[in-house]
Amino acid sequence: MATELEFRAVSRRFAAHGKGGAVTAIEGLSFSLERGEFVAVLGPSGCGKSTLLGLAAGLDQPTSGLVLVEGQKVRGPNPRVAFMLQKDLLLPWRNLAGNIAFGLEAGDLPVDEKQARVQRELQRARLTDFAQAWPHQLSGGMRQRAALARTLAVDPGIILLDEPFSALDAQTKLTLRRSFAATIADAGVTALLITHDVGEAIAMADRVLVMSPRPGRIIETLTIDLPHRDDPLARSRDPRFGSLFDHLFEHLQHDDELVA
Amino acid sequence: MSLEAIEHTETTSSSPPRCESARLQDGAAIIAVAVLFVTAWQFVPPLLGIPRYIIPTFSQCMVEIPVMIAQDALFTQIFSSAWAALAGFVLGSLFGAACGYGLGLSPLFERVLAPYLLALQIAPKVAFAPLFIMWFGYNDLPKVLVTALIVFFPILVNVLQAMKTVDPDLVRLARAFSMRRAQIFWKVEFPASMPSLTAGLRIGATLAVIGVTVGELVGGNSGLGYLITYGEGQADTAMVFDAIILLTLLGIGLYGAVAALERRILHYLPRIAHS
């Protein structure tokens with residue numbers, strides 16, 4: 001298997017404005033994602049998860065260490081990496097098809113190819129009937145599906161998902177996780193899911209990395225050896241789910257106590 | 001999908017018939033107020049013994065209009081004011097928007113120029129009118145320039161504010177898609193600034209009439225503002241009243257045009273589409 005994304009001893013410090021001294025967001029972070037793998041990064045809030053995302057997307061550079069995408073050092077935004085956030089970031093002045101085409105407009109694809117990609121993703125997200133709808137006319141779940149469609153339209157090798165479900169109600173969350181898992185399996189991309197939800201990490205990922213509070217380090221790696229990666233609901237009914245949950249939850253708990 | 005689709009249709013079709021009847025009621029009430037006001041204007045001043053050179057009645061004001069058309073070339077004056085208001089508004093908007101976007105794109109310039117912009121914004125713009133007349137003479141240019149200067153600032157401030165408050169995550173997303181700076185501006189920042197720009201234009205439309213009036217009051221020889229000073233000299237209060245009413249109508253026209261433009265531009269926002 002080829003390595004798609006790799007962090008080698010990555011640290012990122014930010015000069016604190018006014019307060020003096022620097023904040024270390026992440027320290028000595030090392031991990032790698034194999035092609036097609038779905039990895040969840042689990043951690044308490046403020047553990048540098050978003051910093052990790054910025055580094056992988058090429059929006060930010062590490063203070064020390066190396067970030068590699070497909071074996072190449074990341075020097076800036078990379079068309080192989082695309083991300084989506086908790087906020088759907090749909091442009092309200094564009095209809096759904098226009099929003100899905102947004103990421104394609106930076107490149108110089110022929111018009112036919114762009115349209116074909118938009119159609120492909122509309123279909124995959126089951127939003128074809130809503131191609132002409134405006135974002136405000138859609139429910140939160142549909143908007144997140146559209147955001148994933150926009151992310152996949154650029155044919156990335158890796159997608160970075162920063163808590164994409166956390167703004168939704170419990171019912172929508174379950175439906176959307178299943179939809180995302182199926183879509184990602186269908187697209188065959190490598191995925192890095194950032195989350196603070198233990199159950200979500202187990203239900204969706206092949207492997208879970210647990211991060212410590214700031215400065216973020218990886219304190220535990222757990223391979224989720226359960227079937228049904230494309231169906232989180234089926235997975236959460238697996239009898240082994242509970243013990244995996246307890247194991248990860250303890251690690252998070254333990255760190256909370258250290259802080260307190 | 002089916003569940004979400006139902007949710008979607010429910011939110012968009014929000015009972016129009018009830019809205020319609022409420023709107024009719026509002027309209028009737030608004031007209032009733034106008035009728036009440038005009039009636040009071042017509043009959044109350046004579047009852048109180050107020051002479052026509054203090055408050056002319058509604059009918060006296062209406063009678064004055066054909067006189068003004070015949071003797072004072074009223075249509076030419078209206079056209080002169082309207083033209084100056086529109087020219088000044090367009091000029092001020094273009095410069096204001098251009099400076100707003102320019103400063104929004106360059107934080108360094110913005111920081112350096114901010115105190116001067118604030119000073120200029122605080123300076124009473126109407127006070128520039130005599131200066132412009134000294135510079136450019138008794139023609140239409142000074143009033144166009146005063147109008148442009150007054151319109152300039154609210155639009156600049158609104159656009160600059162919009163540029164500074166564009167969701168940084170939206171810009172990060174565009175950058176992650178490898179968009180160039182110019183693409184980020186045209187595809188994200190510029191459209192995102194539209195609600196603020198049109199709000200600035202609406203303020204500018206109301207201020208444009210003030211600019212024109214001041215320009216004409218101070219040193220005009222044409223326009224409705226000039227008719228105000230002329231009527232004042234003649235103790236023709238009805239003429240002053242009529243000029244004020246016509247200037248107001250001019251402002252309403254300009255404001256209405258901008259509001260219509262806004263509805264077209266911001267059609268994608270639900271609350272504007274329904275208002």
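All values reported here derive from a predicted model rather than from experimental measurement.

J.: I would appreciate a short explanation of unusual backbone geometry in the present structure.
T.: Trans is the prevailing form of peptide bonds, just as negative phi is the prevailing case for residues other than glycine. Residues and elements named next belong to chain A. The backbone of Glu70 shows a phi angle near 50°, a positive value even though the residue is not glycine. Tracing the backbone through its elements, the reader meets Glu70 in the loop between β4 (64–69) and β5 (72–73). Relative accessible area serves as the criterion here: at 30%, Glu70 is assigned to the partly exposed category. Residues other than glycine seldom take positive phi values, yet Asp155 does so here, at roughly 55°. If you trace the backbone, Asp155 turns up in the loop between α4 (140–153) and β7 (158–162).

J.: Got a minute to help me understand the side chain of A:Arg177 in this structure?
T.: Positionally, A:Arg177 belongs in helix α5 (residues 170–187). Those residues within four positions of A:Arg177 in sequence are excluded, and the remaining contacts are A:Phe165, A:Asp197, A:Glu200, A:Met204 and A:Pro232.

J.: Looking at this model, I keep getting lost on the nonpolar core. Mind explaining?
T.: Proteins that are soluble and globular tend to have nonpolar side chains buried together. All names here are of chain A. Ranked by size, the top nonpolar core spans 80 residues in total, and within it Leu5, Phe7, Phe83 and Leu160 carry the most contacts. Contact partners of Leu160, with chain neighbours within four places excluded, come to Leu53, Ala56, Ala57, Val81, Ala82, Phe83, Met84 and Leu192. With 33 residues, the next largest nonpolar core counts Phe38, Met84, Phe241 and Leu244 among its residues.

J.: Could you clarify how one ought to interpret the environment of A:Leu244 in this entry?
T.: Residue and element names in this part refer to chain A. For Leu244, the position within the fold is in helix α8 (residues 241–259). Given the relative accessible area of 15%, Leu244 is considered buried. Here the alpha-carbon distance between Leu244 and Gly199, two residues 45 residues apart in the chain, equals 9.2 Å. Residues within four places of Leu244 in sequence aside, it is in contact with Ile202, Leu222, Ile224 and Leu226.

J.: Whenever I open this one, the pattern of salt bridges confuses me. Can you help?
T.: Pairing of side chains with opposite charge becomes possible as their charged atoms draw close. Residue and element names in this part refer to chain A. Applying the stated criterion across every chain, the model contains 28 salt bridges over all chains. Among the ionic pairs, Glu105 bridges to Arg94, the shortest N-O distance being 2.9 Å. With Glu105 in the loop between α2 (96–101) and α3 (111–124) and Arg94 in the loop between β6 (81–84) and α2, this residue pair connects regions lying 11 residues apart in the sequence. Residues joined by salt bridges that share partners form a network here, namely Glu113, Arg117, Arg120, Glu121, Arg124, Asp155 and Asp186.

J.: Would you mind showing me how to read the interface of chain B and chain A here?
T.: When the parts of a complex come together, some accessible area is lost, and that lost area is often taken as the interface size. With 25 residues of chain B at the interface, the matching set in chain A holds 32 residues. Contact between chain B and chain A buries roughly 2800 Å² in total, counting both sides, with carbon and sulfur atoms accounting for 66%. Our count for the chain B to chain A interface comes out at three salt bridges. Across the pair B:Asp167 and A:Lys87 runs a salt bridge, and its minimum N-O distance is 3.1 Å. Sorting the residues of the side of chain B that touches chain A by element identifies α1 (2–12), α8 (168–176) and α9 (181–192) of chain B as the ones contributing at least two each. Per-element accounting of the side of chain B that touches chain A gives the leading share, seven residues, to α8(B).

J.: I would appreciate a short explanation of the confidence of the model for chain A in the present structure.
T.: A low pLDDT score tells you not to read the predicted coordinates there in detail. Looking at chain A, the pLDDT average stands at 88 and 95% of residues meet or exceed 70. Mean pLDDT values for the elements of chain A range from 73 in α8(A) up to 95 in α2(A).

J.: How should I be thinking about the pairing of strand β9 (residues 207–211) of chain A in this particular structure?
T.: Note on strand geometry: in a regular strand, side chains alternate between the two faces of the sheet. All names here are of chain A. In terms of burial, β9 is largely enclosed, as five of its five residues are buried. Residues Arg207, Leu209 and Met211 of β9 are buried on one face, and the alternating residues Val208 and Val210, pointing to the opposite face, are buried as well. Where strand β3 (residues 38–42) and β9 come together, four bridges link them in parallel fashion. Paired with Val41 across the strands is Leu209, a residue of β9. One ladder, built from five bridges, connects β9 with strand β10 (residues 218–223); its direction is antiparallel. Bridge pairing in β10 places Val210 opposite Glu220.

J.: Got a minute to help me understand a nonpolar patch on the surface in this structure?
T.: There is a patch of nonpolar side chains on the surface, built from B:Leu108, B:Phe109, B:Val112, B:Leu113 and B:Tyr116 and spanning about 540 Å² of accessible area. With respect to the secondary-structure elements, B:Tyr116 resides in helix α5 (residues 107–122).

J.: Whenever I open this one, the environment of B:Gly231 confuses me. Can you help?
T.: Residue and element names in this part refer to chain B. In this structure, Gly231 sits in helix α11 (residues 224–233). Overall, Gly231 belongs to the buried group, its relative accessible area being 0%. With residues up to four places along the chain from it excluded, the contact list for Gly231 reads Asp236, Met239 and Val240.

How each quantity is defined
- Residues numbered from 1 in each chain as written.
- Chains lettered and ligands numbered in written order.
- Predicted model: local features only at pLDDT ≥ 70, side-chain atom pairs only at ≥ 80, totals over all residues.
- Heavy atoms only, no water.
- Helix = DSSP H or I, 4+ residues; strand = E, 2+ residues; numbered from the N terminus.
- Buried < 20%, exposed > 50% of the residue type's maximum accessible area, 1.4 Å probe, protein only.
- Contact = heavy atoms within 4.5 Å.
- Core = buried A, V, L, I, M, F, W, Y, C linked by side-chain atoms within 4.5 Å.
- Salt bridge = Lys/Arg side-chain N within 4 Å of Asp/Glu carboxyl O.
- Buried area = accessible area lost by both parts, 1.4 Å probe.
- pLDDT = per-residue confidence, 0-100.
- Pairing = 2+ DSSP bridges.
- Patch = residues over 30% accessible without salt bridge, like charges linked within 9 Å, V, L, I, M, F, W, Y side chains within 5 Å.
- Areas by Shrake-Rupley, 256 points an atom, 1.4 Å probe, with all protein chains shown as cover.

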